[in-house]
Each structure stands twice: as structure tokens, then as C-alpha cells.
Amino acid sequence: MKPDLFQAPDYYNLDDLLTDEHKLVRDSARAWVKREVSPIIEEYAQKAEFPKQIIKGLGEIGGFGPYIPEEYGGAGLDQISYGLIMQEIERGDSGVRSTSSVQSSLVMYPIWKYGNEEQRMKYLPKLATGEFMGCFGLTEPDHGSDPGSMITNFKDMGDHYLLNGAKMWISNAPFADIAVVWAKDETGRIHGLIVERGMEGFSTPETHNKWSLRASSTGELIFDNVKVPKENLLPNKSGLGAPLGCLDSARYGIAWGAIGAAMDCYDTALRYAKERIQFGKPIAGTQLQQKKLAEMITEITKAQLLTWRLGVLRNEGKATTAQISMAKRNNVDMAIHIAREARQMLGGMGITGEYSIMRHMMNLESVITYEGTHDIHLLITGMDVTGIPAFKS
């Protein structure tokens, strides 16, 4: 295993915009990734397995619900700290960041925001440490970009709810202890339910044969007449806006995380270009390679500025869904383009597990699709600026 020599680019001195706490949080996460993720991640990606031994460490660096108040086991950090943690984790691997951001924004967030005090105290402290792991059930086999058309449903049976349906492409599902599941009641209204492993009729078959996010555990959620206690209904918000609010938080984390993947590809390509000699000089001294590197650092810098400003708006409670969509779409597109350019710079070595670039490139093919596809986020921006929705009648 090659040593992790990563050096983060900061072309516009963005560190000057960060507090000492921000930098401490980021540097702690960066050191942990170098120590615990980088040495093992290629092996786990090759064998398509999530390294469960890192769960405790993810909790220790604030990878689970860093913005959740301390009274519920979180770190009580701000949104920029959350973003920086996601950036560093995805610099290691998008699949590991997926595990972290699902736990944070799609499991802990709805319990904190939409749950009651009993639910918060029961679940959040254990989720914050990784003692409990969770997943988020929204996407269905036939309902992805249009989640409002879901068919998963529950009926009121008097002393419990009876849940039926299925969810697909669910990160963490195969090992999750709880699932925050979105389903329609008998009137067609969408609600969140906390489903616990061990409930009769609840199963989580794993999804195999993935070329992307291979170090992340993906599966299905199957509900066959599952009896869910009434106290497991999230009481404080219903309707499609509830799960979409969770996705706002998760997409914000992705916007930061994608920068981490891009920075790793850029840093790898820059170092390689300085060391690789062709025609008597380093390839870094050729115009075409300098063009690639110059464009990479320009796009990374633009993305860093975009996410920092978005983080400020999130801290102030002013960020809109459309602003988050713009950042998610832009930054993932930026990262996947940089990964492809960096792969070319490394030639044949770029496809091997000796370098991280091909793994990032494959992972980003999922990131550009999940939690709102590249095209759907474009249409969200289009609707925001025109006032006319183009993706529905």
C-alpha cells in the first residue's frame, strides 16, 4: 500500500474564511482518513465489502450527525463543519461518505427534526456513536425521481400499523439496525416510520454486482405485513416535504463531499505529472497536461467558494432547496470530469488500484445519479428561475 501523501489544494486561501474550530474538525477528519481509510479502502472496494471496523472511528470524528445537539449525542457543530467532514471522508471514498451522510442527514436528521423527545432520546445517542446504524427508505423499484408516486403503504390496525411495500438502492440497508421509511397512510398522505431490525416481515437483501460504490453496502427494504408500533411514527411533519427536507441536508453534504473526491484526483494527477518523465522531461511541463491541471484547480476553487457560501446560508437558515440542488449538481459534475481527466493523465496506471482515481471515477457515477439525478437538479434550478415546473404536468 502506497502512503497517503495527499495535500489539499487551497488556491484562493479559503482557510482564511474558516474558524479555528472548522480547521480543527477538518484536520482531525483528514488525519483519521489517512490513518484508517486510505490503507484499506482499495482492498475493500476490490472485494465489494464495507469495512465495518471503521464505524466507531466515523462516530469519533463527528461523521454521524455532527450538527445534532450535544444533548442527543451529537457534536453540536455548524453546517460548515459538517461539510468539511463530508469533504474529508469522500476524499477517502464516496461509499464511506455515503454511509456517513445517510446516518447523519437521512436517519438522525428526521428523528431530530420530525420525531418526538422520546424518539430522540431512544435513537440519536446510539446513532451518533455508531452503536446503531440506520438507513433511509424513499426510493422504490418503480419510483425514483418521482417519490410522491410511491406505493409503500401502512394501515391503522388499532394498536399498531401494518406496513407493506419495498424500497430499493438503500445505502446501509444490509446491516442497518433501524430504517426511517416513508410510506403512505390510507388517505395517501406520506409519513415517516421507524422500522427496527427483527420486526417480523422486515428483510434487507443485499444488492450485488455493482461497479460503483463497491465499498458501500447497498440493499433493498422489503415489508411484508410488518407490524410497526404506533410510537414509531414520526409525528412532527408529514407529506412529501418531510423526506425532501432530509434530502436537502444530505445533498448539501454531497456538494462538499464531491470536492474531496475531486481534490484527491487532482492531487494524485499533479504529483504523478511531476514525477512521470516522457521525452526527457516531466509531463507536468507539457502544455496539454498543464491545461488539465489548471482547469482542475480552477473548478475545484469555484466549487469551494460555492459550498462555503452555501454553508454560511445554511447556518443562517437562509439556504433554499434550489441553491442546494445547484451546488450538488455543479460539484458532482465537476468532480466526475476531474476524475476522468486525471485518469487520462495517469495513462494505463490510472485504471489500477494502485491509485485512487478509477475508484473515485466509478463511485461518482453513482453520486451523480443518487439523491436527485444530474438532470432533475438542472430542472429544479430551471423551475426556480422561471417559476414553471418542467418535470411534471
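Bear in mind that the values here come from a model prediction, so they are computed numbers and not experimental data.

1. As for the overall build of the chain
Then, in step 1: Scanning the chain from terminus to terminus reveals 11 helices and 9 strands.
Then, in step 2: Rg of the C-alpha trace for the chain: 21 Å, near the compact-globule value of 21 Å for 393 residues, within the 12% margin.
Then, in step 3: Overall size of the chain, expressed as C-alpha extent along the three principal axes, is 80 × 45 × 40 Å.
Then, in step 4: With 393 residues in all, the chain has 55% of them scored as buried.
Then, in step 5: Summarising the internal contacts of the chain: among those between residues at least 6 apart in sequence, 76% fall at separations of at least 24.
Then, in step 6: Accessible surface for the chain amounts to roughly 16900 Å². Of this, 52% is attributable to carbon and sulfur atoms.
Then, in step 7: Counting 42 positive and 49 negative side-chain charges, the chain places the averaged centre of each group 4 Å from the other.

2. Re the UniProt feature "domain: Acyl-CoA oxidase/dehydrogenase middle" (unreviewed entry) in the chain
Then, in step 1: In this numbering, the UniProt entry assigns the feature "domain: Acyl-CoA oxidase/dehydrogenase middle" (unreviewed entry) to residues 135-226.
Then, in step 2: End C-alpha to end C-alpha, residues 135-226 measures 17 Å, and it is 0% helix and 48% strand.

3. Things to note about the pattern of salt bridges
Then, in step 1: The full count for this structure, using the stated rule, is 21 salt bridges.
Then, in step 2: Between Asp 267 and Arg 271 there is a salt bridge; the shortest N-O distance is 2.9 Å. A residue pair is termed a helical-turn pair when its members lie 3 or 4 positions apart in one helix, as Asp 267 and Arg 271 do in helix H7 (residues 241-275) at 4 residues.
Then, in step 3: Given the relative accessible area of 22%, Arg 271 is considered partly exposed.
Then, in step 4: When salt bridges with common partners are traced through the structure, they connect Asp 4, Arg 91 and Asp 264 into a single cluster.

4. Points about unusual backbone geometry
Then, in step 1: Within the chain, Asn 13 stands out as a residue other than glycine whose phi angle is a positive 55°.
Then, in step 2: Of note, Trp 169 is a non-glycine position whose phi angle comes to about 60°, a positive value.
Then, in step 3: You can see Trp 169 is positioned in strand S3 (residues 160-171).

5. Structural notes on the domain arrangement of the chain
Then, in step 1: You can read the domains of the chain as domain 1 (14-133), domain 2 (135-238) and domain 3 (241-386).
Then, in step 2: Each of domain 1 and domain 2 has a C-alpha centre, and the two are 23 Å apart.
Then, in step 3: In this assembly, 33 residues from domain 1 lie in contact with 24 residues from domain 2.
Then, in step 4: Here domain 1 meets domain 2 over a buried area of about 2200 Å², counting both sides, of which 63% is carbon and sulfur.

6. A short note on the pairing of S3
Then, in step 1: Taken together, the 4 bridges between strand S2 (residues 153-156) and S3 define a ladder with antiparallel strand orientation. Bridge pairing in S3 places Asp 156 opposite Tyr 161.
Then, in step 2: A loop of 3 residues connects S2 with S3, the two strands running antiparallel in sequence, and Gly 158 in this loop sits at a positive phi of about 100°.

7. Quick notes on the packing of aromatic side chains
Then, in step 1: Taken as a whole and assessed by the stated rule, the structure comprises 12 aromatic pairs.
Then, in step 2: Judged by centre distance (5.0 Å) and plane angle (80°), the ring pair of Tyr 67 and Tyr 82 falls under edge-to-face. Remark: Tyr 82 occurs in helix H4 (residues 79-92) and Tyr 67 occurs in the loop between helix H3 (55-60) and H4; sequence separation between them is 15 residues. Both residues of the pair, Tyr 67 and Tyr 82, count as buried.
Then, in step 3: Three or more aromatic residues link up through ring pairs in this structure, and these residues are Tyr 67, Tyr 82, Tyr 109, Trp 112, Tyr 114, Phe 136, Trp 182 and Tyr 252.
Then, in step 4: Geometry around Tyr 44 places Lys 47 over its ring, the cationic atom sitting 4.3 Å from the centre.
Then, in step 5: Directly above the aromatic system of Tyr 252 lies the positively charged group of Arg 314, at a separation of 5.3 Å from the ring centroid.

Cut-offs used in this document
Residues numbered from 1 in each chain as written. Predicted model: local features only at pLDDT ≥ 70, side-chain atom pairs only at ≥ 80, totals over all residues. Heavy atoms only, no water. Helix = DSSP H or I, 4+ residues; strand = E, 2+ residues; numbered from the N terminus. Rg over C-alpha atoms; globule rule 2.2 N^0.38 Å. Buried < 20%, exposed > 50% of the residue type's maximum accessible area, 1.4 Å probe, protein only. Contact = heavy atoms within 4.5 Å. Areas by Shrake-Rupley, 256 points an atom, 1.4 Å probe, with all protein chains shown as cover. Lys, Arg positive; Asp, Glu negative; His and termini not counted. Charge placed at Lys NZ, Arg CZ, Asp CG, Glu CD. UniProt positions renumbered as here; feature names shortened; annotations may be inferred. Salt bridge = Lys/Arg side-chain N within 4 Å of Asp/Glu carboxyl O. Domains from an automatic or database assignment. Buried area = accessible area lost by both parts, 1.4 Å probe. Pairing = 2+ DSSP bridges. Phe/Tyr/Trp six-rings, centres within 6.5 Å; stacked < 30°, edge-to-face > 60°. Lys NZ or Arg CZ within 6 Å of the ring centre and 35° of its normal.

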